[in-house]
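Analysis of the macromolecular model
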Amino acid sequence: IHTLKEITTRRYQTITGIDQFVGKIREVLTKKGLAKNTIIVFTSDHGIMEGEWGLGGKALNYEACLKVPFIIYDPTLPLKKNTKAVHQFVQTIDLAPSFLNWAGVEIPATMQGRPLQLLLSGDTLNWRSAVLGENLWSTVFGNPRIESVRKGRWKYIRYFRNDFGGPQKGKNPYAVSSKDAELYRQFLTASIEGEAPVYEELFDLKSDPLENVNLAEVPENNETINEMRVLCKQLIMNASGQPDVLPYTTDLIQNWKVN
């Protein structure tokens, strides 16, 4: 059992280690003469719960899981722009078009993200006003399928039944067979095609930033939750594109060859 002292120590140890690592990267860039034309982006793939609501891990769509650090240092910009906080919805899908834009490469029309240079230049009017979150990894560990949307002060989350039948005895729980892959293809568009959620949550992040009070069944919020349901469906439809899922098996990994 970890004590509070141990947890706090490890947390600050991790922060110190990351700070030192970033510092070493900048030292190397300086020694190689690349510091003045190298853009640094610091982020993470997900957040994590550390005891909120008695939970841990990363699988849910609460703010503790969805929010990640997102820091950009562009030495070609004035110091004023490099020390500015931008309060807009940014997603990891914005990284690829941003890197292409920095490199002067045309952004493919199939990319759904947007170049972050728009925000860095101060253009916030043409940015997204709502953001979609989802976790379709419905697994043997009990994770539900989740879709969520945030707009302004409101956060809407909906949960679907876990359809994952589970692996056979001795089977790798992370392996995805052809049958499983077909199931995941259905997950991608199930809510668009009418599957109803088994549970919903609505949070007012202005008055309840820690997402403690579920307002989904409060009659006064009926109009708001209906609007968020419609918005969630719209964003899922926009994001679905032409979905495909490939089986993830041990044989696939062993036979993978890099050309």
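Refer to the preceding data block for the structure.
All values reported here derive from a predicted model rather than from experimental measurement.

1. Observations concerning the layout of surface pockets
In this structure, the second largest pocket spans a volume of roughly 530 Å³. Thr14, Ile15, Ile18, Ile48 and Pro69 are the residues nearest the centre of the second largest pocket, which is lined by 17 residues in total. Elements with a contribution of two residues or more to the lining of the second largest pocket: α1 (4–31) and β1 (40–43). Here the element with the most residues in the lining of the second largest pocket is α1; it accounts for five residues. Grouping the amino acids of the lining of the second largest pocket by side-chain chemistry returns seven nonpolar, five polar and five charged.

2. Some points on unusual backbone geometry
Of note in this structure, Trp53 is not a glycine but carries a positive phi near 55 degrees. Following the sequence through the fold, Trp53 ends up in the loop between β2 (49–50) and β3 (56–57). For Trp53, a relative accessible area of 35% gives the class partly exposed. Phi at Glu211 takes a positive value of approximately 55 degrees, unusual for a residue other than glycine. Tracing the sequence through the fold places Glu211 in the loop between β8 (199–204) and α7 (222–240). With relative accessibility at 3%, the residue Glu211 sits in the buried group.

About the criteria used
- Residues numbered from 1 in each chain as written.
- Predicted model: local features only at pLDDT ≥ 70, side-chain atom pairs only at ≥ 80, totals over all residues.
- Heavy atoms only, no water.
- 1 Å grid on protein atoms, 1.4 Å probe; cavity = no way out; pocket = protein on both sides within 12 Å on 5 of 7 lines; lining within 4 Å.
- Points joined across faces, edges and corners; volume = space filled by probe spheres on them.
- Helix = DSSP H or I, 4+ residues; strand = E, 2+ residues; numbered from the N terminus.
- Nonpolar A, V, L, I, M, F, W, Y, C, P; charged D, E, K, R; others polar.
- Buried < 20%, exposed > 50% of the residue type's maximum accessible area, 1.4 Å probe, protein only.

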